[in-house]
Amino acid sequence: MLPLLLAACAPPGSSPPRAAPPAKAAPAGAAAAVKQAAPPDRTRIAGPEASRITYAHLGRQPPLGARLPRGIQYAPGGNLITYLQRQADGPEQSLFAFDTTSREIRQLVASGDLLKDAKPLSREEELRRERQRMFSRGITAYSWAKRAEVLLIPFGGDLFLRDARDPKGAIARLTDTPEPEIDPKVCDGGERVVFVRGRELFMIDVASRRETALTRGAPEGVSRGLSDFNGQEEFDEPSGFWISPGCDRVAYLEVDEREVEKVPVLGFRDGKEDLMMARYPRVGGKNPRVRAGILDLATRKTTWLAWKGADGEGERYLGRFAWADDGKALWFQTLSRDQKRLSLLRARPRSGEAAEVVVETSPTWVDFADMRLLERSPRFLWSTAEGGHRHLALRDAGSGAELARLTAGDWDITSLLPPDEERGLARFVATKDGPTERHLYTVPLAGGEVKRLTSDPGMHQITVDPRGPGYVELHAALDRPWRGAVRGADNAEVGALPAPVDRELAELELRAPEIVEVRAASGDTLYGALLAPRRIEPGRRYPVVVSVYGGPGVQTVFNSWSPWLLWNHLADRGVVVFQLDNRGSANRGRAFESAIHGRLGEVELADQIAGLDFLKTLPYVDAGRVGIYGHSYGGRMALEALLMAPDRFHVGVAGSPVSDDRLYDTGYTERYMGLLDKEAARYEATDLTKRAGNLRGKLLLMHGLMDENVHFAHTAKMIEALMAADKRFDTLVFPGERHGYRSPAASHYANRAIVEYLTEHL
């Protein structure tokens with residue numbers, strides 16, 4: 001997901017009382033009198049001392065919140081549920097286990113058990129973490145073998161193995177090399193570990209510790225076993241290889257980036273220059289050449305996948321690889337470069353011959369689909385938005401024919417989970433009970449009633465037991481903090497996972513926003529979050545700050561708990577804070593999302609203005625003093641607001657904004673705007689640097705100089721355009737930061753800069 005500015009979406013923390021509806025701050029009669037009276041005096045924004053939330057609180061790293069269990073997995077032995085959690089006395093994560101028999105929790109592995117002094121992150125791992133939006137420290141990943149109690153932990157660029165059946169919990173170090181081992185995976189039986197080092201695939205035999213190079217001879221610019229930039233950043237494909245269930249074959253990607261444009265990414269760290277020549281697939285330019293092969297581990301021979309029409313179908317993206325449980329088929333999906341045609345294919349491992357099984361098309365765009373292969377019958381679950389909302393179908397694995405449509409309605413499945421085949425149930429998370437809610441549901445594989453398993457309103461993050469009916473739920477709502485529950489058969493609670501809140505939050509008098517509904521000009525209902533000032537004086541109007549993301553594929557307004565530190569700080573000082581999910585945002589159906597197709601920025605801004613029209617109806621809102629801030633696509637929206645609606649938005653902070661779509665990557669931009677050679681006029685129309693002369697308000701541009709996602713070129717081009725238009729503006733550059741601000745100093749400074757700029761100029 002493209003994130004909001006880190007401080008604006010800090011992880012959940014302590015439980016604040018729900019905000020009282022702002023309109024009740026004054027009697028109805030007084031509100032009517034306010035509307036008829038002369039405009040009140042300008043309400044001064046109080047100083048930072050008016051809030052218990054200090055700038056130090058806002059910039060804390062890791063951010064203040066709840067120490068949520070992450071990376072929850074059911075261990076293969078059947079009695080352990082493992083998870084990562086930040087230590088109470090520091091920022092590093094350790095690995096813990098909940099025993100479903102004793103219902104006790106114990107620490108399995110701490111980072112100090114692996115290495116006393118971990119090596120600095122390699123550039124490869126730093127960039128992978130950027131693309132996965134991973135900000136945690138310590139143990140950040142682990143994996144269980146599917147059929148053996150063997151635990152693999154990557155740490156400090158090396159690999160460690162633990163046999164959970166060992167009563168001493170002994171940990172074996174598998175590698176100790178200068179180069180890092182990337183994306184390691186353990187075979188289902190625990191006998192081998194496969195990983196990428198440099199540009200090649202390697203394997204370690206666990207029993208003998210013998211290491212083998214699986215591929216050799218990749219020239220500079222070619223890699224085996226790694227996904228490319230688009231795969232990692234835009235298609236949620238962090239991996240580039242997949243081990244067969246029998247551990248006798250490895251399917252992998254070969255990525256050739258030699259014809260992809262090189263873009264300089266220059267920064268400064270510790271007083272030294274840091275130059276990286278990044279292969280970056282800009283709109284209209286060359287994508288890497290990617291092909292997939294199946295490597296036989298016995299012969300070391302690679303058989304490349306091929307299918308009818310593959311050579312003549314034009315450029316395409318590859319993704320969503322999955323082995324059949326018996327290892328006799330490899331499933332994968334292809335997406336045309338214009339992203340209007342999706343194919344599901346099944347390949348024969350021996351010959352590499354593949355055939356299309358399902359094809360979906362769209363006049364706007366189509367996404368890679370969620371799929372779950374059944375183990376007990378030749379069928380699979382397929383999540384498709386073909387009917388307007390993402391729903392679930394059961395298909396035949398041989399022909400691809402649809403056997404049954406299992407769900408339907410004006411709602412969307414957001415996550416397809418492993419089915420409970422023993423009980424004949426598909427399991428999924430969906431918006432069936434409202435777009436701001438997430439619940440766990442089941443539906444019979446034979447068709448029938450959709451049943452909701454989670455009971456409390458709000459957000460539920462779900463991890464299911466792949467072998468049974470149990471699951472773990474992390475639940476929160478606006479009026480309650482996160483809580484972890486372990487559930488077994490019949491939904492019975494059998495234990496709890498801790499989600500402790502940082503103690504400091506209890507002293508900050510935090511409040512939660514209110515969810516409101518806004519009617520767009522299109523007739524769509526939009527959902528917003530509103531936090532009014534703590535004290536509202538009758539007859540006074542208060543300035544507004546809009547927190548915005550606004551981009552496709554993302555949703556920001558939920559019935560969920562968070563400290564809302566930046567919001568509470570501003571509200572304590574007398575500012576109305578507001579956020580709105582406009583058309584184009586995720587999980588509202590194809591028509592709602594695709595309204596932005598071919599005109600990025602236009603529909604989103606119209607809906608954000610509809611949000612301001614809603615705020616104008618509130619008697620305590622000063623619509624003549626509106627600020628806006630956002631990061632990434634939110635930075636773009638802040639620029640859109642100031643340049644395209646300067647009479648409605650008066651102060652803006654744009655963090656790492658996209659100013660010209662032609663400077664962004666192919667995988668994201670071409671999905672929504674089309675191919676440059678066919679849609680040049682569209683791209684010209686969305687170039688915000690052409691609108692620099694419209695600036696009337698105050699603008700602060702913020703950007704990490706080493707950003708390898710939204711390159712500094714976007715801000716540089718905006719600066720040149722503003723200078724050419726003779727406009728006053730401000731700029732803040734972070735020389736050593738990328739797309740997310742990771743250092744405590746940068747995080748602190750960025751948050752303080754946002755608040756001070758908005759409060760000074762509103």
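Keep in mind it's a predicted model, so treat the numbers as computed, not measured.

Quick look at the state of the cysteines now. Following the criterion strictly, the structure yields one disulfide and no others. One disulfide bridge connects cysteine 187 with cysteine 247, the sulfur atoms lying 1.9 Å from each other. Handedness of the cysteine 187-cysteine 247 disulfide follows from its S-S torsion of about 40 degrees: it is right-handed. Of this pair, cysteine 187 sits in the loop between strand E10 (182–186) and strand E11 (192–197) while cysteine 247 sits in the loop between strand E15 (241–243) and strand E16 (249–256), placing them 60 residues apart in sequence. One exposure class covers both cysteine 187 and cysteine 247, and it is buried.

Since there are 3.6 residues in each turn of an α-helix, residues three or four apart along the chain are aligned in direction. In a regular helix each residue adds 1.5 Å, so 15 residues correspond to 21 Å; helix H8 (residues 602–616) covers 21 Å between its end C-alpha atoms and thus fits that length. Within H8 the residues assigned to the buried category are Val603, Glu604, Leu605, Asp607, Gln608, Ala610, Gly611, Leu612 and Leu615. Elements that come into contact with the buried residues of H8 comprise strand E38 (514–519), strand E39 (525–531), strand E40 (542–547), strand E41 (576–581), strand E42 (621–631) and helix H9 (633–644).

With mixed pairing, five strands are arranged side by side in an open sheet as E21-E25-E24-E23-E22. In this open sheet, the two strands that pair with only one neighbour each are strand E21 (306–307) and strand E22 (316–323). Bridge count between strand E24 (residues 341–347) and strand E25 (residues 353–361): seven bridges; the pairing is antiparallel. What sits directly across from leucine 345, in E25, is glutamate 356.

The next subject is the domain arrangement of the protein. Under the domain assignment used here, the protein contains domain 1 (48–61 + 504–761) and domain 2 (66–212). Measuring from the centre of the C-alpha atoms in domain 1 to the corresponding centre in domain 2 gives 37 Å.

Attention now goes to the pattern of salt bridges. Summed over all chains, the structure comprises 48 salt bridges. Arginine 197 is the partner of glutamate 211 in a salt bridge, and the nearest nitrogen-oxygen pair spans 2.7 Å. Of this pair, glutamate 211 sits in strand E13 (residues 211–213) while arginine 197 sits in strand E11, and the two are 14 residues apart along the sequence. Judged by its relative accessible area of 9%, arginine 197 is buried. For aspartate 687, the salt bridge goes to arginine 662, with nearest N and O atoms at 2.9 Å. Taken together, the residues aspartate 687 in the loop between helix H11 (680–685) and strand E44 (698–704) and arginine 662 in the loop between strand E43 (651–655) and helix H10 (666–673) connect sequence positions 25 residues apart. Among the ionic contacts, a cluster of salt bridges with common partners joins Asp660, Arg662, Glu684, Asp687, Lys690 and Lys717.

Another point: the sheet that holds strand E29 (residues 402–405). A sheet is described by the order of its strands in space; here four strands give the open sequence E26-E27-E28-E29, paired in antiparallel fashion. Only two strands of the sheet have a single partner each, and these edge strands are strand E26 (370–373) and E29. Strand-to-strand twist in this sheet, taken as the mean axis angle between neighbours without regard to direction, amounts to 25 degrees. With four bridges connecting them, E26 and strand E27 (residues 379–384) associate as antiparallel partners. Bridge pairing links methionine 371 to tryptophan 382 in E27.

Next up on the list: the packing of aromatic side chains. Summed over all chains, the structure comprises 21 aromatic pairs. Measuring from centroid to centroid gives 5.7 Å for tyrosine 252 and tryptophan 304, while their planes differ by 65 degrees, and the two rings are edge-to-face. Of this pair, tyrosine 252 sits in strand E16 while tryptophan 304 sits in strand E20 (residues 302–304), and the two are 52 residues apart along the sequence. By relative accessible area, tyrosine 252 is classed as buried at 4%. For tryptophan 304, a relative accessible area of 27% puts it in the partly exposed group. Centroid distance phenylalanine 734 to tyrosine 741: 4.6 Å. Interplanar angle 35 degrees. Geometry classified as tilted. Across the pair, exposure class does not vary: phenylalanine 734 and tyrosine 741 are buried alike. Lying across the ring of phenylalanine 241, lysine 185 places its NZ or CZ 4.3 Å from the centre.

Another point: unusual backbone geometry. Look at the link from glutamine 61 to proline 62: it is a cis peptide, with omega at 0 degrees. Among the structural elements, proline 62 can be located in the loop between helix H2 (55–58) and strand E1 (70–74). The phi dihedral of cysteine 247 is positive, around 55 degrees, even though this residue is not glycine. Phi at serine 656 takes a positive value of approximately 45 degrees, unusual for a residue other than glycine. By the element assignment, serine 656 lies in the loop between E43 and H10.

Turning to the environment of threonine 556, a few remarks are in order. Inspection of the secondary structure puts threonine 556 in the loop between E40 and helix H6 (565–572). Judged by relative accessible area, which is 15%, threonine 556 ranks as buried. C-alpha separation for the pair threonine 556 and asparagine 582, spaced 26 residues apart in sequence, amounts to 10.0 Å.

If you look at the biggest cluster of nonpolar residues, it comprises 62 residues, and the most contacted ones within it are Tyr620, Phe649, Leu699 and Leu701. Among residues more than four places away in sequence, those in contact with phenylalanine 649 are Val546, Leu605, Ile609, Leu612, Val626, Ile628, Ala641 and Leu642. Counting 56 residues, the second largest nonpolar core, distinct from the first, contains Tyr527, Val545, Val557 and Val577.

Its place among the elements puts serine 747 in helix H13 (residues 744–761). A relative accessible area of 4% places serine 747 in the buried class. Sequence separation between serine 747 and glutamate 737 is 10 residues, and the spatial gap between their C-alpha atoms is 9.8 Å. Apart from residues lying up to four places away in sequence, serine 747 is in contact with Gly59, Gln61 and Tyr741.

Calculation criteria
Residues numbered from 1 in each chain as written. Predicted model: local features only at pLDDT ≥ 70, side-chain atom pairs only at ≥ 80, totals over all residues. Heavy atoms only, no water. Disulfide = S-S within 2.5 Å. Helix = DSSP H or I, 4+ residues; strand = E, 2+ residues; numbered from the N terminus. Buried < 20%, exposed > 50% of the residue type's maximum accessible area, 1.4 Å probe, protein only. Expected span 1.5 Å × (residues − 1). Contact = heavy atoms within 4.5 Å. Pairing = 2+ DSSP bridges. Domains from an automatic or database assignment. Salt bridge = Lys/Arg side-chain N within 4 Å of Asp/Glu carboxyl O. Axes fitted to C-alpha atoms, helices over the stretch in contact; angles between N-to-C directions. Phe/Tyr/Trp six-rings, centres within 6.5 Å; stacked < 30°, edge-to-face > 60°. Lys NZ or Arg CZ within 6 Å of the ring centre and 35° of its normal. Core = buried A, V, L, I, M, F, W, Y, C linked by side-chain atoms within 4.5 Å.

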